[in-house]
Amino acid sequence: MATPATAAGPIVKPLPPEIFDVLGTNAETRWEALRGQGYHVPNDRFFVRNHTSTPTIDVDTWRLTVFGSGLRGGPVEFGYRDLRSLPSESLSAFIECAGNGRSYYASQQGQQVTGTAWHLGAIGVARWRGVRLSTVLAKAGISRRAVDVLPEGLDPDYVTGGVNLGKVRRPLPVAKALEDVLVAYEMNGEPLPPDHGFPVRLVVPSWVGIASIKWLGRIEVADTQLASPWDTQYYRLIGPVYPPDGTLVTHQVVKSAFELPRNAVLPRGKQVLTGRSWSGNGRIRHVDVSTDGMTWRHARFTSPACENAWVQWEFPWHPKAPGAYTLRARATDGTGTRQPDVAVHNTQGYLFDAIVRHPVTVV
Ligand SMILES: Nc1nc2c(c(=O)[nH]1)N[C@H]1C(S)=C(S)[C@@H](COP(=O)(O)O)O[C@H]1N2
Ligand SMILES: [Mo]
């Protein structure tokens, strides 16, 4: 009999160094690997954030169990084919880690933060297909008294600092769960790849990535508020400007990135800079680019600017002299919020929204 294949590391898919930077159990997409790509990030270029490791799940025995005090009756189970036979829906949405950009708290602002030191590559936009969570919850008999749902992954327990925090799980208020959340089984027209949650994951548009639980196994529905370390200990903004127990992180913030390597070497003469901007608070209205830190000009949009996803843009540039330059892009989102020069510090380094200074050398 063949030996079951075991993954060499926490991530199953290949991680070629020209596409990914590996950070512990995670892999971030290099922004230069998105240049020339379309609106959606191909599955083999999409960043991976694993608390532990990608599990192998047998789809024939896999079940999603929905249970709890917020149902009118007892637990309800769904198999993979049950879900696939329900009405399906597709949407384009980003999944972005709340800590995306975290390394810039230290490198741009000289501030200490804990957590994975991502640059800006802990984001991707995909076309997701699946069943609305509202449809699944209706089938399971959600009651009008339901307050919170608690989706839980099937990956190994998360153990940190000698403490077992259990399965990766995070409560979601019923209002959001019923609004626009997808129980997704397809990513860019293919079954979900193992690293991205096969057989099914949640996609929670506009919210921090932790809400989009992968390898979904159970959903508790409760008529009381639920809690987990992922909303009491992590994913809270803690710092001088916040209340003592912090502020819960829900929506993502506005950000921009150039599709260039850090410290890119660029030729002198006419060229076109490209990038993308996004926000968890409405579509991007405009993007300004500066190559000298003083003057700003609008970038030209080369894709639609979609809510819950991003906009692609380009900016013609003609550097006349060789030397070191600092590129800056700053977006304004649907609420009129423009990226600031400095992000407000929080101890765990979430939601870095400041303009990122991108050094390049012209030769
Ligand atoms: N079960 C489970 N779900 C999870 C995680 C995890 O480790 N286990 N990581 C979360 C975090 S922090 C992020 S940012 C996204 C990343 O999704 P991706 O790996 O498909 O890019 O998945 C979320 N869902
Ligand atoms: Mo994350």
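First, a word on scope: everything that follows refers to the structure included in this document. What you are looking at is a predicted structure, and each value in this text was computed from that prediction instead of being measured. (Residues numbered from 1 in each chain as written. Chains lettered and ligands numbered in written order. Predicted model: local features only at pLDDT ≥ 70, side-chain atom pairs only at ≥ 80, totals over all residues. Heavy atoms only, no water.)

Let us look at empty space enclosed by the protein. Empty space among the atoms becomes visible once a probe the size of a water molecule is rolled across them. Enumeration over the complete set of coordinates arrives at one cavity of 30 Å³ or more. In terms of lining residues, the largest cavity is bounded by 21 residues, among which Arg49, Arg201, Gly209, Ser212 and Lys214 are the most central. Looking at the lining of the largest cavity, its residues break down into 10 nonpolar, six polar and five charged. (1 Å grid on protein atoms, 1.4 Å probe; cavity = no way out; pocket = protein on both sides within 12 Å on 5 of 7 lines; lining within 4 Å. Points joined across faces, edges and corners; volume = space filled by probe spheres on them. Nonpolar A, V, L, I, M, F, W, Y, C, P; charged D, E, K, R; others polar.)

Our focus in this paragraph is the layout of surface pockets. Estimated volume of the largest pocket: approximately 280 Å³. Breaking the lining of the largest pocket down by element, the ones donating at least two residues are β2 (26–29), β17 (255–258) and β25 (358–362). A total of three residues in the lining of the largest pocket trace back to one element, the largest contributor, which is β17. Class assignment for the residues of the lining of the largest pocket results in nine nonpolar, six polar and six charged. Composition of the lining of the largest pocket by domain shows at least three residues from each of domain 1 (6–248) and domain 2 (255–362). The space that makes up the second largest pocket amounts to roughly 240 Å³. If you trace the second largest pocket, you find 14 residues lining it, with Arg49, Arg102, Gly115, Tyr234 and Tyr350 closest to the centre. (Helix = DSSP H or I, 4+ residues; strand = E, 2+ residues; numbered from the N terminus. Domains from an automatic or database assignment.)

A few words on the sheet that holds strand β23 (residues 310–317). One open sheet holds the four strands; their spatial order is β17-β19-β23-β22, and the pairing between them is antiparallel. Only two strands of the sheet have a single neighbouring strand rather than two, namely β17 and β22 (300–301). As defined by bridge partners, β17 adjoins strand β19 (residues 271–278) across four bridges and the pair is classed as antiparallel. Of the residues in β19, the one forming a bridge with serine 256 is serine 277. (Pairing = 2+ DSSP bridges.)

To continue, consider the site of ligand 1. Close to ligand 1 lie 20 residues; Phe47, Asp155, His196, Arg201 and Lys214 are nearest. Contact between ligand 1 and arginine 49: an oxygen atom at 3.0 Å from a main-chain N or O atom of the residue. At 2.8 Å from an oxygen atom of ligand 1 is found a side-chain nitrogen or oxygen belonging to histidine 51. Coverage of ligand 1 by the protein chains reaches 100% of its 530 Å² of free accessible surface. Comparing atom positions with the cavity grids shows ligand 1 to sit within the largest cavity. Here the residues of the shell around ligand 1 are counted per class, giving 10 nonpolar, six polar and four charged. (Near = heavy atom within 4 Å. Polar contact = N/O pair within 3.5 Å; in protein donor to acceptor, adjacent residues only side chain to side chain. Areas by Shrake-Rupley, 256 points an atom, 1.4 Å probe, with all protein chains shown as cover. Sits in = over half its atoms within 2 Å of the grid points.)

An order of β4-β3-β14-β7-β10 is seen for the five strands of this open sheet, with the pairing classed as mixed. Both outer strands of the open sheet, β4 (76–78) and β10 (172–173), are each paired with one neighbouring strand and no more. As judged from the six bridges shared by strand β7 (residues 148–153) and strand β14 (residues 216–222), these two strands associate in the antiparallel manner. By the bridge assignment, glycine 153 is partnered in β14 with leucine 216.

What follows deals with unusual backbone geometry. A cis geometry characterises the amide bond from phenylalanine 198 onward to proline 199, with omega recorded as 5°. With respect to the secondary-structure elements, proline 199 resides in the loop between β12 (190–191) and β13 (201–203). Notably, serine 206 is not glycine yet its phi reads approximately 75°, a positive angle. Here serine 206 shows up in the loop between β13 and β14.

Everything listed here is a matter of geometry and, on its own, says nothing about what the molecule does.
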